[in-house]
Amino acid sequence: MAKHATPLLDQLESGPWPSFVSDLKQEAESRAKNEKGVEHQIPQDVCEDILGILELSYKHGRTHWKHGGIVGVFGYGGGVIGRYCDQPEMFPGVAHFHTLRINQPGGKFYNTKFLRQLCDLWDFRGSGMTNMHGSTGDIVLLGTTTPQLEEIFHTITHDMNQDLGGSGSNLRTPSDCIGQARCEYACYDTQDLCYALTMEYQDELHRPAFPYKFKFKFDGCPNCCVASIARSDMSFIGTWKDDIRIDKKAVAAYVGGEIPPNAGAHSGRDWGKFDIVKEVINLCPTKCMSYEGGKLSINNRECTRCMHCINVMPQALRIGNEKGVSILVGAKAPILDGAQMGSLLVPFVKVEEPYDKIKEVIEAIWDWWMEEGKNRERLGELIKRQGFQKLLEATGIKAIPQHVKEPRTNPYIFWKEDEVKGGWDRDINEFRKHHQR
Amino acid sequence: MDKEAGQKTVLDFLKKKSKSKSKFYLKDFNALFPEDKPRVVKNLVNQMVQEEILEYWSSGSTTLYGKKGAGKQAAAEHED
Ligand code: HEM
Ligand code: HEM
Ligand code: SF4
Ligand code: SF4
């Protein structure tokens, strides 16, 4: 018999999808049975109480969680998010229910030993409930009490060789796609760049330095598997400068039906014979491809590297050889002023250790944002408020056509003093020689 | 920046404000040091947290700073 009746939550289990309610009930049951004899360091019935408080919130139509707190591990300003409920008598198991963000491994590569350690730790010192992964990328450990924090931190850092992630007005845990470890589309080593910048900016990650949150994400190619373009203040997207490499024989094999399109990803249904004109040429967003007399050609000057043709015919078309990264800035979720995608700042830079060119851009942006950004103002909002031109000045980047989003809508041109010969100062006597009063 | 003088400026400011407020944004401290870069001020107040003079308060998305033990939170959550 469950500790609290949860008729409203039970209803959520009736749909076709896996339900977090079922997961919570399963964990509640497993903690109650405790077959492994774990010495639970936080209330054994924490999952019962989380179900209970959520049911109450549904009943009342308002939350019973308070916001924030003075929790953290010594020396760190991020990684722990304090949560307290406002009905501790009714739900003592969740009186404290703090969340920990743990830095996920590069590309989210795990071995089973690490996952077992993580689960054991969380059964022992937490609620047993995790979120793999939070939208920022971290391993999210849900629900523990203040006295457990330092203990957990010790185990994570000493036994698991891992660290807390970012939260609050910090650099958030950088995250990356699997990149060159598995993926032939990767234009640079996402994991190396992600790791190098994570190590370089430890201080920014752990000790609040900014007006608000700041996110880096690394995608090896424009397929954007970690959605950096939509979710990070600075998004690093792999790209190439030269031509898409074409293997004519393989093109013929796709056309002839010997190789399934999209690497067979859509083979669950019969879509009919592969039609290269309909499915590739006509879908190229810049109309820069043609297929005539059995010959595929690409006007690479017009290609925007959208990846579509390469995704459909990966054996016939390959990314170019001159590879690098594009840096986009200012993406954010819709809290203020609506959601925003990243805007292109650096169209192409080679990704070369020790990544000094990339660090220069990052640090110039931080200096500008730390100086000019208001409290709780994301980089994207500052760019909107002060203008993209201000960002170009702050980073010392020259305006280029790729920075132009749309034709101008403002007919006025305002010159700055240093753009005018002699500045604003005029010799009045020289002027009077030619103009009477 | 002179560390001791800097810490004193921060503490004087917190004392002056203590009747009305116990938690502050990093930017509030920047305003106390108009001559210094935000990065220098950040290092000063973060150092004060390391020395347990100040403490962080975080909503999860935003971080505030206050004098250690000041304000209601610790007492209200039975954490003091
Ligand atoms: C380099 C020389 C000049 C420049 C660049 C200039 C520019 C302008 C501009 C841009 C406006 C429109 C302001 C607005 O719509 O808000 C304007 C208005 C006007 N200007 Fe000039 N102007 C110049 C010389 C003159 C001269 C020499 C006269 C007369 C002798 C003159 C008389 C006027 C008048 C009567 C208006 C309309 C004012 C109103 O509607 O409120 N301007 N001028
Ligand atoms: C390089 C020289 C000049 C420039 C760049 C200039 C520019 C302008 C501009 C931008 C306007 C406003 C147009 C609008 O949006 O309605 C304007 C209006 C006007 N300008 Fe000029 N102007 C010049 C010389 C002059 C001179 C020498 C005179 C007279 C001696 C003059 C008389 C006027 C008048 C009367 C108007 C108002 C017209 C109206 O309101 O319909 N402008 N000028
Ligand atoms: S973003 Fe591109 S390189 Fe990275 S995993 Fe996805 S397809 Fe591969
Ligand atoms: S990558 Fe996109 S833009 Fe470039 S040729 Fe292929 S379909 Fe066209």
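Residues numbered from 1 in each chain as written. Chains lettered and ligands numbered in written order. Predicted model: local features only at pLDDT ≥ 70, side-chain atom pairs only at ≥ 80, totals over all residues. Heavy atoms only, no water.

Is there a simple way to explain helix H2 (residues 20-33) of chain A in this structure?
Each α-helix winds once per 3.6 residues, and so residues spaced three or four apart point in a common direction. Residue and element names in this part refer to chain A. With 14 residues, H2 extends 20 Å from end C-alpha to end C-alpha; this agrees with the ideal 20 Å at 1.5 Å per step. For H2, the set of buried residues is Val21, Leu24, Glu27, Ala28 and Arg31. Around the axis of H2, the buried residues are gathered within 130° of arc, so they sit on the same side. Looking at H2, the residues exposed on the side facing more than 90 degrees away from the buried face are Gln26 and Lys33. Elements in contact with the buried residues of H2: helix H1 (7-12), helix H3 (46-60), helix H4 (112-125) and strand E3 (129-132). Regarding H2, its N-cap is Ser19, as a side-chain oxygen of that residue lies 3.0 Å from the backbone nitrogen of Val21 further along. (Helix = DSSP H or I, 4+ residues; strand = E, 2+ residues; numbered from the N terminus. Expected span 1.5 Å × (residues − 1). Buried < 20%, exposed > 50% of the residue type's maximum accessible area, 1.4 Å probe, protein only. Arc of directions from axis to C-beta. Contact = heavy atoms within 4.5 Å. Polar contact = N/O pair within 3.5 Å; in protein donor to acceptor, adjacent residues only side chain to side chain.)

Is there a simple way to explain the domain arrangement of chain A in this structure?
All names here are of chain A. Entries for chain A in the domain assignment read domain 1 (7-159), domain 2 (175-240 + 324-419) and domain 3 (245-318). Averaged C-alpha coordinates put domain 1 and domain 2 at centres separated by 33 Å. Contact with domain 1, which involves twelve residues of that partner, is made by 14 residues of domain 2. Carbon and sulfur atoms supply 49% of the area that domain 1 and domain 2 bury against each other, a total of about 940 Å² over both sides. Counting the contacts that link domain 1 with domain 2 gives zero salt bridges. Between domain 1 and domain 2 we count five residue pairs in polar contact (both at pLDDT 80 or more) in total. (Domains from an automatic or database assignment. Buried area = accessible area lost by both parts, 1.4 Å probe. Salt bridge = Lys/Arg side-chain N within 4 Å of Asp/Glu carboxyl O.)

Can you help me understand the interface of chain B and chain A in this one?
Accessible area lost on assembly of the parts is the figure often given for the size of an interface. If you look at the interface, chain B gives 27 residues, while chain A gives 40 residues. Inspection of the chain B/chain A interface yields four salt bridges. Residues Asp203 of chain A and Lys42 of chain B are paired through a salt bridge, measuring 2.8 Å at the closest nitrogen-oxygen approach. Here chain B is connected to chain A by 17 residue pairs in polar contact (both at pLDDT 80 or more). Counting residues per element, the ones that place at least two in the side of chain B that touches chain A are helix H2 (26-30), helix H3 (38-50), strand E1 (54-58), strand E2 (63-67) and helix H4 (73-76) of chain B. No other element matches the six residues that H3 of chain B contributes to the side of chain B that touches chain A. Of the residues belonging to the side of chain B that touches chain A, the class tally is seven nonpolar, eleven polar and nine charged. (Nonpolar A, V, L, I, M, F, W, Y, C, P; charged D, E, K, R; others polar.)

What is the right way to read helix H12 (residues 356-372) of chain A from this model?
A rise of 1.5 Å per residue sets the reference length of H12 of chain A, with its 17 residues, at 24 Å; its end C-alpha atoms lie 24 Å apart and thus fit the reference within 8%. Buried within H12 of chain A are the following residues: Ile358, Lys359, Val361, Ile362, Ala364, Ile365, Trp366, Trp368, Trp369 and Met370 of chain A.

Would you take a moment to explain the site of ligand 4 for this structure?
Residue and element names in this part refer to chain A. Neighbouring ligand 4 are the residues Cys284, Pro285, Thr286, Cys288, Met289, Ile298, Cys303, Thr304, Arg305, Cys306, Met307 and Cys309. In this structure the site holding ligand 4 corresponds to the largest cavity. Here the shell around ligand 4 is composed, by residue class, of nine nonpolar, two polar and one charged. (Near = heavy atom within 4 Å. 1 Å grid on protein atoms, 1.4 Å probe; cavity = no way out; pocket = protein on both sides within 12 Å on 5 of 7 lines; lining within 4 Å. Sits in = over half its atoms within 2 Å of the grid points.)

Could you clarify how one ought to interpret a nonpolar patch on the surface in this entry?
Together, Leu8, Leu12, Phe20 and Tyr58 of chain A make up an exposed nonpolar region whose accessible area comes to about 350 Å². Along the chain, the position of Phe20 of chain A falls in helix H2. (Patch = residues over 30% accessible without salt bridge, like charges linked within 9 Å, V, L, I, M, F, W, Y side chains within 5 Å. Areas by Shrake-Rupley, 256 points an atom, 1.4 Å probe, with all protein chains shown as cover.)

Is there a simple way to think about the pattern of salt bridges in this case?
What the rule picks out here adds up to 23 salt bridges over all chains. Here Glu204 of chain A ties to Arg39 of chain B by a salt bridge, and the two come within 3.1 Å at their closest N and O atoms. Of the two residues, Glu204 of chain A sits in helix H7 (residues 202-206) while Arg39 of chain B sits in helix H3, which places them in two different chains. Judged by relative accessible area, which is 7%, Glu204 of chain A ranks as buried.

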